[in-house]
Amino acid sequence: MKRSIIILLVCLPFALSGQRTGFSVTGGVGTYELSELKNYHNELLERLPVDINAGNYFPPYSNFRLSLFREMANGVRYGLVYGYSTSGAHANYKDYSGYLNLDQTVTAYQLGISGSYNLLKSYFFNFYVYGDLRLGYIRDDVNLNILTSYYFDNSSLLLHAFSPMGELGFEVLFNLKKLSIGGEVGYLYDTGFKFNTGNANELEATIDLGPSEAIHSGMSGFRAGIKAILWLTPMDVE
């Protein structure tokens, strides 16, 4: 995340040469498809030495987006965008003999270009449609911990993938001098590249964490958030 922010700041002098320059921050929630990772989680549950009922795993995720852009007089906007989102799955079991924890933490880092068009221009209110093209790095950290008086298992596995993504949506903004606030709604489409197996750490491991078949990223889903824009150059509204 720090590297992506640095890239945005390095590009700032270039952006300042435009008609109107802004820096936006968006935070919200969304949904993942992640059907293959859900099946993988169920597969791991079946390998455990005790029966655990799966809960609400991979719930609506939190997401965070940064964008540095410039907007031309005709309402066309273009720039750089960075996105971060995370979700996961958790299974827990505990009785008098010990405890068991099984966790999957899915994190996505996305960097790319964005474009939008202002369909409704006024001094106080704007309505944009937007589209992003981003390259995502998705990682799934799998961790298993079992501790009893007679049994011990501490193991982890990393699955990761690079996957191109695209997002379409709209945003509504209310303008307050050098600050605009509002919200946006969009749909993210993930092309779904295959996960590769990364580092594995096993300490007295007896349960295999590896997937039995290929798993793809599956980050597609809807997203909504609250947005704030800091205008770095004065507004030029006709």
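A quick note: this is a predicted structure, and the numbers were derived from the prediction, not measured. (Residues numbered from 1 in each chain as written. Predicted model: local features only at pLDDT ≥ 70, side-chain atom pairs only at ≥ 80, totals over all residues. Heavy atoms only, no water.)

### Some points on the overall build of the chain
To be explicit about the condition: Only DSSP runs of H or I with at least four residues qualify as helices, and only runs of E with at least two residues qualify as strands; both kinds are numbered from the N terminus onward. Only protein chains enter the accessibility calculation, which uses a 1.4 Å probe; a residue whose area is less than 20% of its type maximum is buried, one above 50% is exposed, and one in between is partly exposed. It only takes one pair of heavy atoms within 4.5 Å for two residues to be counted as in contact. Each accessible area value is a Shrake-Rupley result obtained with a 1.4 Å probe; residue values ignore everything except the protein chains displayed when judging cover.
For the chain, the helix and strand inventory stands at three helices and nine strands. In the chain, which comprises 238 residues, the share counted as buried stands at 44%. Partitioning the intrachain contacts of the chain with sequence separation of at least 6 by distance along the chain shows that 76% fall at a separation of at least 24. As presented, the chain carries roughly 12,200 Å² of accessible surface, and 62% of it is formed by carbon and sulfur atoms.

### Here we look at the pattern of salt bridges
Put simply, the rule is: A carboxyl oxygen of Asp or Glu within 4 Å of a side-chain nitrogen of Lys or Arg is what we treat as a salt bridge.
Inspection of every chain in the model, using the stated rule, returns 13 salt bridges. Here Arg-139 ties to Asp-141 by a salt bridge, and the two come within 2.8 Å at their closest N and O atoms. By relative accessible area, Arg-139 is classed as partly exposed at 25%. A relative accessible area of 22% means that Asp-141 is categorised as partly exposed. Close ionic contact of Lys-227 with Glu-184 constitutes a salt bridge, the shortest N to O distance being 3.2 Å. Placement of Lys-227 in strand S9 (residues 221-231) and of Glu-184 in strand S7 (residues 179-190) is noted, with a sequence separation of 43 residues between them. Take Lys-227: its relative accessible area is 6%, and that puts it in the buried class. A relative accessible area of 2% places Glu-184 in the buried class. In the salt-bridge network here, residues are joined through shared partners; they are Arg-20, Arg-65, Glu-71, Arg-77, Asp-132, Arg-134, Glu-167, Glu-171, Glu-184, Arg-223 and Lys-227.

### Brief notes about the environment of Leu-102
Take Leu-102: it is sitting in strand S4 (residues 98-121). Given a relative accessible area of 1%, Leu-102 falls into the buried group. A C-alpha to C-alpha distance of 7.6 Å links Leu-102 and Val-142, two positions 40 residues apart in sequence. In contact with Leu-102, other than residues within four places in its own chain, are His-41, Leu-44, Leu-45, Leu-48, Ala-89, His-90, Ala-91, Val-142, Asn-143 and Leu-144.

### Describing the pairing of S9
Looking down a regular strand, the side chains alternate between one sheet face and the other. Our working rule: In short, DSSP must find at least two bridges between two strands for them to pair.
As paired elements, strand S1 (residues 20-30) and S9 share nine bridges and run antiparallel to each other. Following the sheet pairing, Phe-23 is matched in S9 by Leu-230. Pairing analysis gives ten bridges linking S7 to S9, with the strands arranged antiparallel. Looking at the pairing, Tyr-187 lines up with Phe-222 of S9.

### Description of the side chain of Ser-24
On the secondary structure map, Ser-24 appears in strand S1. Here Ser-24 falls in the buried class, since its relative accessible area comes to 2%.

### Points about the nonpolar core
General note: in soluble globular proteins, nonpolar side chains tend to be found buried as a group. Keep this limit in mind: For our purposes a nonpolar core is just a set of buried Ala, Val, Leu, Ile, Met, Phe, Trp, Tyr and Cys residues, chained together by side-chain atoms within 4.5 Å.
In terms of nonpolar packing, the biggest core is built from 31 residues, with Leu-37, Tyr-40, Leu-48, Leu-102, Leu-144 and Met-219 touching the most fellow members. Secondary-structure elements contributing two or more residues to this core are helix H3 (35-47), strand S3 (76-95), S4, strand S5 (125-148) and strand S6 (152-176). When residues no more than four places from it in sequence are discounted, the contact partners of Leu-144 are Leu-48, Leu-100, Asn-101, Leu-102, Asp-153, Asn-154, Ser-155, Ile-207 and Leu-209.

### Remarks on the pairing of S4
In this sheet, S4 lies alongside S3 in antiparallel orientation, the contact comprising 20 bridges. Note on S4: the bridge partner recorded for Ala-89 is Gln-104. Here 23 bridges tie S4 to S5, and the two strands are oriented antiparallel to one another. Opposite Asn-118, over in S5, you have Tyr-128 as the bridge partner. Joining the antiparallel neighbours S4 and S5 is a turn of three residues.

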